[in-house]
Amino acid sequence: MVRERRYEMPVDLAALLGPHQHGGYDPTWQRTGDGAFWMTKRTPDGPGTLRLTRHGGQAWGAGAAWLLDSLPGLVGADDDLSGFAVHHEVLKGLAVPRIGRSGLVFEALVPAVLEQKVVGREAWRAWRYLLRKYGTQPPGPAPEGMRVMPEPEVWRQIPAWDWHRAGAEAVRARTIATAAWHAAKLEAAADSASLDRLLRALPGIGVWTSAEVRQRCFGDADAVSVGDFHLAKIVGWALTGEKADDAEMMRLLEPYRGHRHRACVLVGLSGLRPPARGPRLSARDYRSF
């Protein structure tokens, strides 16, 4: 059974949904040739498939009603832009980005942990392997190859050899399995600050991972991914013409307090990046270790 909701979507739907995609072949996220966006999610009511276009959404499965009820939040309609002002000339004239929120903590946490201290291609390969092996078939007419993220108890039971085959070493595997034991408490967090305290009390989860999760789950416009390999250099280059470290980045972002993550997204939209020098980091393969 399909449920529908008419809703006028923002012009740049791709920019709003993009942060919820993990790699070009993410089994939970796909854009089809007709311009529609497909996402699979494990909601509090069960698995669901969501199809979004400029004119609204369709959803299938036990989680369909939950997905459509949370649709405004996902596309940034509930995002509060008050208090945001551009303080750097290079960012003026750019459209102020909205931040969407999924409302699902564990969905954001697992890929964030997989992305810790590795290049994106390495993390996305592990995400694809684990979803294809342990994910479930999505309800409704989802495009071929899509999967619904498994429940937390499944993540607790993944054997060591499958983590190895996925290319995730024991530290990240243990962090995800430990977090899975506390998934219900994490999902029940009332706000971003509460979730930050809960996440950072778990072994293996620090400032960067917590920020990545809160950006996606709560749409936290002030959660800066401190510790990111590229972010401080990009922000520093865009705003001063020089690369910066994390401390300098936070000093530059201070005028945007309350919207510091939004300012980082705006920097990304500017296209200003330091020149690339030297070869790119290659993806490691723990399966050969």
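Residues numbered from 1 in each chain as written. Predicted model: local features only at pLDDT ≥ 70, side-chain atom pairs only at ≥ 80, totals over all residues. Heavy atoms only, no water.

Draft legend 1. Structural context of the pattern of salt bridges. Within the structure shown, the criterion is met by 17 salt bridges. The salt bridge involving Arg172 is made with Glu122; its shortest N-O contact spans 3.6 Å. Taken together, the residues span a long stretch of sequence, with Arg172 in helix H8 (residues 170-181) and Glu122 in helix H5 (residues 120-134) at a distance of 50 residues. What makes Glu122 buried here is its relative accessible area of 1%. For Glu248, the salt bridge identified is with Arg251, shortest N-O distance 2.7 Å. Here the residue Glu248 and the residue Arg251 both occupy positions in helix H13 (residues 246-253), the gap between them amounting to three residues, near one helical turn. According to the relative accessible area criterion, Glu248 is partly exposed, its value standing at 28%. (Salt bridge = Lys/Arg side-chain N within 4 Å of Asp/Glu carboxyl O. Helix = DSSP H or I, 4+ residues; strand = E, 2+ residues; numbered from the N terminus. Buried < 20%, exposed > 50% of the residue type's maximum accessible area, 1.4 Å probe, protein only.)

Draft legend 2. Local environment of unusual backbone geometry. The phi dihedral of Lys117 falls on the positive side, at around 60°, and the residue is not glycine. Checked against the element boundaries, Lys117 lands in the loop between helix H4 (105-114) and H5. On the basis of relative accessibility, which here comes to 84%, the residue Lys117 falls in the exposed class.

Draft legend 3. Quick peek at the nonpolar core. One finds Phe106, Leu109, Val110, Leu114, Trp155, Trp163 and Val213 to be the most contacted residues of the largest nonpolar core, which totals 33 residues. Put simply, the parts of the chain that give this core at least two residues each are H4, H5, helix H7 (160-166), H8, helix H9 (183-187), helix H10 (192-200) and helix H11 (207-217). The biggest single contributor to this core is H4, with eight residues. Those residues within four positions of Leu114 in sequence are excluded, and the remaining contacts are Ala123, Ala126, Trp127, Leu130, Trp163, Ala168, Arg172 and Ile176. Of all hydrophobic cores here, the second largest spans 18 residues; its members include Met39, Ala64, Leu71 and Leu104. (Core = buried A, V, L, I, M, F, W, Y, C linked by side-chain atoms within 4.5 Å. Contact = heavy atoms within 4.5 Å.)

Draft legend 4. View of the sheet that holds strand E3 (residues 37-43). One open sheet accounts for five strands, arranged E1-E5-E4-E3-E2; its pairing is antiparallel. On the outer flanks of this sheet lie strand E1 (2-6) and strand E2 (29-31), each paired with one strand and no other. For this sheet the average axis-to-axis angle between neighbouring strands, irrespective of direction, equals 20°. Bridge count between strand E4 (residues 46-53) and strand E5 (residues 56-60): five bridges; the pairing is antiparallel. Across the sheet, the residue bridging to Arg51 is Gln58, located in E5. (Pairing = 2+ DSSP bridges. Axes fitted to C-alpha atoms, helices over the stretch in contact; angles between N-to-C directions.)

Draft legend 5. The side chain of Thr43, seen in detail. As for its placement among the helices and strands, Thr43 is situated in strand E3. Side-chain polar atoms of Thr43 contact the backbone nitrogen of Asp45, separated by 3.0 Å. Side-chain polar atoms of Thr43 contact the backbone oxygen of Gly46, separated by 2.7 Å. Other than its neighbours up to four places away in sequence, Thr43 contacts Gly63, Trp66, Leu67 and Leu104. (Polar contact = N/O pair within 3.5 Å; in protein donor to acceptor, adjacent residues only side chain to side chain.)

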